[in-house]
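Here is what each chain is made of, one letter per residue.
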Amino acid sequence: MNPSPIGIFDSGLGGLSVLREVRAMLPHESLIYFADSRYAPYGDKPERFVEARTLQVCEWLVAQGCKALVIACNTATMHAVQTLRERLHVPIIGVEPGLKPAALSSQSKVVGVLATANTLKSAKFNRLLTSLADESQYLCAAGHGLVSLIEQGDVSGPAIREKLDLYLRPMLDAGADTLVLGCTHYPFLSETIRDMVGNRLTLIDTGTAIARQLARKLAEFGLAASPDATPAIRYLSTKDASHLREMAWALLNVEAGAETVAIEPAPAIGATE
C-alpha cells in the first residue's frame, strides 16, 4: 500500500473534470491538482513550449512525491506524453479524444469532434483519426474561445452559447449524432450542450475511462493506497489560487483550500515548432 499522492496536471481548470472522476472511483487516494493557469490555455501555444512546460511541471510534481501522474490536458498529452514516459519513472496516464468510443456509439456514423486547435493539428491525433477513418466520418472543430470562458467561470452564458452554436450547428446539419468532448474543459459544458441540442447528440467524455486506467496502473505497480487511508487533496495554481478555489466550488461543489506556486522560468512561449 502506497499513501503517496497522485498528481493531476492541466494547463488550467479543465482537469477538474478528470479529478471529479478520479475521486469518485478512487476515494482513498490523495491527490495534488496542479493548474498552470499563468500559461493557460495551452491550445494556442507552440508545440515545443507545451512539451517543455509539461515536462517542467511534471518533474516538479514527481519531486513532490507523486507516485503517478494524470496529464488531464489533451494538448499536453498530444505533445508531451511520449517525452514524459521516457524521462519520468512513474506511471503516466494521458488523455486523448474518445474517437473510438464515439464511432461505436454513433448510429449515423457521423461524429463531431470539439477540441483545441493544437490537439486537432497534432500528429498523434491525426494518426488516430486516420486509423479510424473507415469507421466514421469525423467533423472536427477547434473550440476557439471556449477554454478562456470556462476559466472565467462561464459555462452557460450567452457568449458560450453563441460559440457552441457556431461549432455545433454545421455538425448537426451534416447528420452528426455523437459529439466527442476533446478537451477536459468541455465536460463542464455538457448541461448547456444538452439544453441547446436536446438528445440529438450523444456526448463522449473520457474522464471515467481515465480514472479506470489509473486504477489499473496503480494495481499493476502495487501503488494503491490502503482502503482505510485518510486522503488529502491539494489544489495548486501558478496564477491565482483564490480563483482556483472559487472554480472548484463553482464547478465541483467542493470547498477547497488552494495554494499559489511558482515554477519558473518557463520555456519561451515564442519558441517555434
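Not measured: the values here are computed from a predicted model.

For the rest of this paragraph, the subject is the UniProt feature "binding site: substrate" (unreviewed entry) in the protein. As annotated in UniProt, the feature "binding site: substrate" (unreviewed entry) corresponds to Asp10, Ser11, Tyr42, Gly43, Asn74, Thr75, Thr184 and His185 in the numbering used here. Judged by maximum C-alpha separation, these annotated positions cover 176 residues in sequence but sit close together in space, the widest gap being only 12.0 Å. Along the polypeptide, Gly43 turns up in the loop between β2 (31–35) and α2 (47–63). With a relative accessible area of 14%, Gly43 lands in the buried category. In this view, Gly43 contacts Thr75, Thr116, Ala117 and Asn118; residues no more than four positions away in its chain are not counted. Structurally, Asn74 is set in helix α3 (residues 74–87). When sequence neighbours within four positions are dropped, the list of residues in contact with Asn74 reads Val95, Glu96, Pro97, Thr119, Gly182, Cys183 and Thr184.

Looking now at the UniProt feature "active site" (unreviewed entry) in the protein. Mapped onto this numbering, the UniProt entry annotates "active site" (unreviewed entry) at Cys73 and Cys183. A maximum C-alpha distance of 6.7 Å among these annotated residues, which run over 111 residues, shows that they cluster at one spot. One can find Cys73 in the loop between β3 (68–71) and α3. Apart from residues lying up to four places away in sequence, Cys73 is in contact with Phe9, Asp10, Ser11, Tyr42, Val95 and Thr184. Note that Cys183 resides in the loop between β7 (178–182) and α9 (190–197). Looking at Cys183, the relative accessible area reads 7%, which means it is buried. Residue contacts for Cys183: discarding those within four places in its chain leaves Asn74, Leu114, Thr116 and Val147.

The strand order across the open sheet formed by six strands is β4-β3-β1-β2-β9-β10, and the pairing between neighbours is parallel. The outermost strands of the open sheet, each flanked by one partner alone, are β4 (92–93) and β10 (258–260). In terms of strand pairing, β3 meets β4 through two bridges, oriented parallel. The residue bridging Val70 from the neighbouring strand is Ile93, located in β4. Sheet contacts for helix α1 (residues 16–25): β1 (6–10), β2, β3 and β9 (233–237); angle to β2, the most-contacted strand, approximately 170°.

Rules and cut-offs
- Residues numbered from 1 in each chain as written.
- Predicted model: local features only at pLDDT ≥ 70, side-chain atom pairs only at ≥ 80, totals over all residues.
- Heavy atoms only, no water.
- UniProt positions renumbered as here; feature names shortened; annotations may be inferred.
- Helix = DSSP H or I, 4+ residues; strand = E, 2+ residues; numbered from the N terminus.
- Buried < 20%, exposed > 50% of the residue type's maximum accessible area, 1.4 Å probe, protein only.
- Contact = heavy atoms within 4.5 Å.
- Pairing = 2+ DSSP bridges.
- Axes fitted to C-alpha atoms, helices over the stretch in contact; angles between N-to-C directions.

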